[in-house]
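For reference, the chains in residue letters:
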Amino acid sequence: MTHFFVDPADVAGDELVIRGGDVNHIKNVLRMKSGEEFFASDGQGNDYYCAYGGADDGEARARVLYVRPSESELPVNVTLYQGLPKGDKMELIIQKCTELGVKRIVPVNCARCVAKLDEKKAPARIKRWQDIAQAAAKQSGRGVIPIVSMPMSFKAALAQAKSASVRLFPYECAHGMERTRELFSKIRSGDDIAVFIGPEGGFEASEADTASQNGFEAVTLGKRILRTETAGMYVLSVIGFNMEA
Ligand code: SAM
């Protein structure tokens, strides 16, 4: 069933209005017929199942048939603190981690980051990345659109992530899969989970030490070195496998 996102302010009783680029999609791509059904998520955990009622002046109207809690969200809030990768890898990371249920992605300027996101270019890049998150959320039927934050320094990211109930620091020099399994098995519904992934060059030992002093435990993801764009997906896949209802 076709899926859109709707601003909560555009739902009133059994009336719902879709605005923006989706209106053209509804009218000219889908050529939706009156009465045709679709669902729209308000990003606050509600999915509105609707019957299309027509479109004009940049608005598509629909009648709400029933509302259901979004069933596609993981019962945990995962924030991926991603060491800024080179090229367009961040687009792949955002798309795949959105499909896998991430709630927020924070680009982090680590010591070994080759890519730099300067103040001038950052807003446009974040906007593009946020659009990618929205498109992936729509495609995968997410109830919410993951947030792509402005880039942070490693220290600022650690300080922000410190309050998470689960703090995972996958580190290429860590050992002991048993301990990794133990940490993942302790994850419970409602947990806020912070995951740090290094850039292509990995983490400096000093970064791993600082993370450890801030309550992050370095964990191994196995004997193979995963690419920076793979590691976050691996973590989200394990969490999803364990926690999906
Ligand atoms: N330059 C590092 C090296 O060659 O050893 C590789 C860094 S890896 C490309 C990027 C990030 O993915 C790492 O900093 C870590 O966060 C994560 N990662 C990749 N493989 C991992 C593994 N086997 N165990 C734990 N973390 C891993």
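Structure's up top.
Because the structure is a prediction, the values reported are computed rather than measured. (Residues numbered from 1 in each chain as written. Predicted model: local features only at pLDDT ≥ 70, side-chain atom pairs only at ≥ 80, totals over all residues. Heavy atoms only, no water.)

**Examining the overall build of the chain**
At step 1: When helices and strands are tallied, the chain shows seven helices and 13 strands.
At step 2: Going through the 245 residues of the chain one by one, you find that 47% of them count as buried.
At step 3: Accessible surface, the chain as shown: approximately 12200 Å² in total, 51% of it carbon and sulfur. (Helix = DSSP H or I, 4+ residues; strand = E, 2+ residues; numbered from the N terminus. Buried < 20%, exposed > 50% of the residue type's maximum accessible area, 1.4 Å probe, protein only. Areas by Shrake-Rupley, 256 points an atom, 1.4 Å probe, with all protein chains shown as cover.)

**Regarding the site of the ligand**
At step 1: Taken together, 19 residues surround the ligand, and among them Pro-170, Glu-172, Leu-221, Arg-224 and Leu-226 come closest.
At step 2: At a separation of 2.9 Å, a nitrogen atom of the ligand approaches a polar backbone atom of Leu-226.
At step 3: In isolation the ligand offers 580 Å² of accessible surface; the protein chains occlude 84% of this area.
At step 4: Partitioned by chemical class, the residues of the shell around the ligand number ten nonpolar, six polar and three charged. (Near = heavy atom within 4 Å. Polar contact = N/O pair within 3.5 Å; in protein donor to acceptor, adjacent residues only side chain to side chain. Nonpolar A, V, L, I, M, F, W, Y, C, P; charged D, E, K, R; others polar.)

**Describing the pattern of salt bridges**
At step 1: Tallied over the full model, the rule gives 16 salt bridges.
At step 2: A salt bridge links Arg-142 to Glu-73, with the nearest nitrogen and oxygen atoms 2.8 Å apart. One end of the pair, Arg-142, is in the loop between α3 (122–140) and β9 (147–148); the other, Glu-73, is in the loop between β6 (59–69) and β7 (77–83), and 69 residues separate them in sequence. Considered together, Arg-142 and Glu-73 belong to a single accessibility category, that of buried residues.
At step 3: The salt bridge involving Asp-131 is made with Lys-127; its shortest N-O contact spans 2.7 Å. Of this pair, Asp-131 and Lys-127 both sit in helix α3, four residues apart, which is roughly one turn of the helix.
At step 4: Of the residues examined, Lys-127 reaches a relative accessible area of 51% and is grouped as exposed. (Salt bridge = Lys/Arg side-chain N within 4 Å of Asp/Glu carboxyl O.)

**Topic: the pairing of strand β4 (residues 37–41)**
At step 1: Among the five residues in β4, four count as buried, and that is most of the element.
At step 2: Of the strand pairs in this sheet, strand β1 (residues 3–5) and β4 are connected by three bridges, and their pairing is parallel. Among the inter-strand pairings, Phe-4 is bridged to a residue of β4, identified as Ala-40.
At step 3: As judged from the five bridges shared by β4 and strand β5 (residues 46–56), these two strands associate in the antiparallel manner. Looking across to β5, one finds that Ser-41 is bridged to Asp-47.
At step 4: Between β4 and β5, which pair antiparallel in sequence order, lie four residues; one of them, Gly-43, sits at a positive phi of approximately 75°. (Pairing = 2+ DSSP bridges.)

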